[in-house]
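Coordinate analysis (summary)
Below are the chains, spelled out letter by letter.
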Amino acid sequence: MILVAAGASAVLAGAGAAVPAAFAGPARDTAQQQLDHLVQADGFPGALASVRGAGGRVREYTSGRGVPTNGQVRIGSNTKTFTAVVVLQLVGEGKIDLDQTVEHYLPGIVRGNGNDGARITVHQLLQQTSGLPDYDDVLFTRPEDLVGLSHAYFEPRRLVDAALTKPPSFAPGTRWEYSNTNYVLAGLIAERVTQRPIGEEITRRIIEPLRLRDTYWLGVGEQRLRGRHPQGYVAVAPGAPWVDVTEMDPSLGWSAGQLVSTPADLRAFLEALVAGKLLKPAQQKAMMTTVPAAAFEPTEHWDYGLGLARHALPCGGDAWGHGGDIQGFETRNLVTTDGRSAVVAVTGLPTTEQMVADVSNAVDAALC
């Protein structure tokens, strides 16, 4: 679910020094221990979390210097779940057909180098089975690009056009492979159908009804986080220091990764979604019908629906979530159907696969 790396090669590039932890509460429970491990052992600059336990009690956690409780973070590819909800709401309204082609809604846009929008359906975009190449692999070819391009503005069509300079990875519908290009196209389809910006539709259809006060779509050219937030960092080479990239242009993510939120807001959104409060039953079923997605995370047992992933918990049962990476922040999250939920965010992009796995493991531990 990496948003801004040239595959794993750029994100998994360098490590920073560990920062001592600061406890957020008196009880050193499992969730706090996991966050402290992310900072003290893995070397993330900071971590924060929001957890709802089996009894319904919500607790907020932090670890690391200068990390505010429930601070605003860039949530990267969690944006895809919001975009998928908008598209599926439009399906429920009869304005989009999941089985219709991309060419039908965006004529002439997906063509070239073997890529053909007439052979790709909206459903395949949302399920990451289109075979379309990922624009990240074209635009971000070196670890240094994570810093060097952090202030670059990318129009959505530029992202798509970059992806189409490469051939498809496979024939549509024959495999699963994560590609940010799919969700930029989904956002463009939503805009074409509604005649309104995708950020406005996400705000009107999701953020405002759920009263997510710290979740917002940044405007064109807006690079600063608006509310209380931790600093976000990138390490660009093995052993390199953390570079502050808190202020950056998130347009490279657009409908695949532009949103800002907090652990508590993101948890509330996912709880409402899994509880069926945002979609009609037919679209809810479609979203939660999955295909195997072993490469979604370095941890095991993942399947991918339509912008929502299912994970088999190590303590038994399934949970639902997504996760996201963007310069400065990584976020992982899961919600169970029996009311447990956890969101964990770290304030730096991971530099090893073990760091990625440990963030996911922290969410598992908080739920188990």
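Residues numbered from 1 in each chain as written. Predicted model: local features only at pLDDT ≥ 70, side-chain atom pairs only at ≥ 80, totals over all residues. Heavy atoms only, no water.

1. Structural notes on the nonpolar core
Residues F82, L126, L185, F269 and M287 are the most contacted members of the largest nonpolar core, which totals 106 residues. Filtering out sequence-adjacent residues up to four positions away, M287 remains in contact with T81, A84, V85, L88, L273, L279, G305, L306 and L308. (Core = buried A, V, L, I, M, F, W, Y, C linked by side-chain atoms within 4.5 Å. Buried < 20%, exposed > 50% of the residue type's maximum accessible area, 1.4 Å probe, protein only. Contact = heavy atoms within 4.5 Å.)

2. Comments concerning the packing of helix α3 (residues 79–92) against helix α11 (residues 263–274)
Orientation of α3 relative to α11, taken along the N-to-C sense of each, is 35°, at an axis distance of 12 Å. Note that α3 runs across α11; the crossing there is left-handed. Here α3 contributes T81, F82 and V85 to the contact with α11, which in turn contributes L266, F269, L270 and L273. In terms of residue class, the contact of α3 with α11 is made up of six nonpolar, one polar and no charged. (Axes fitted to C-alpha atoms, helices over the stretch in contact; angles between N-to-C directions. Helix = DSSP H or I, 4+ residues; strand = E, 2+ residues; numbered from the N terminus. Left-handed = near helix turned anticlockwise from the far one by under 90°. Nonpolar A, V, L, I, M, F, W, Y, C, P; charged D, E, K, R; others polar.)

3. A look at the environment of G328
Looking at where G328 falls in the secondary structure, it is placed in the loop between β13 (324–326) and β14 (329–335). Judged by its relative accessible area of 0%, G328 is buried. Taking C-alpha positions, G328 is 8.6 Å from V73, a pair spaced 255 residues apart along the chain. Sequence-distant contacts of G328, that is, excluding residues within four places in its chain, are made with G232, Y233, V234, V245, V346, T347, G348 and L349.

4. Focus on the side chain of N182
Assignment of secondary structure puts N182 in helix α9 (residues 180–194). Polar side-chain contacts of N182 include one of 2.5 Å to the side chain of S130. If sequence neighbours within four positions are ignored, N182 has contacts with L125, Q128, S130, L132 and E177. (Polar contact = N/O pair within 3.5 Å; in protein donor to acceptor, adjacent residues only side chain to side chain.)

5. A closer look at the state of the cysteines
On inspection of all chains with the given rule, the structure shows one disulfide. A sulfur-sulfur distance of 2.1 Å marks the disulfide that ties C315 to C368. Negative torsions about the S-S bond denote left-handed disulfides, and the value of about -70° found for C315 with C368 makes this one left-handed. Here C315, found in the loop between β11 (309–312) and β12 (318–321), pairs with C368, found in the segment after α13 (353–367); they are 53 residues apart in sequence, far enough to count as distant. We classify C315 as partly exposed; its relative accessible area is 44%. With a relative accessible area of 47%, C368 lands in the partly exposed category. (Disulfide = S-S within 2.5 Å.)

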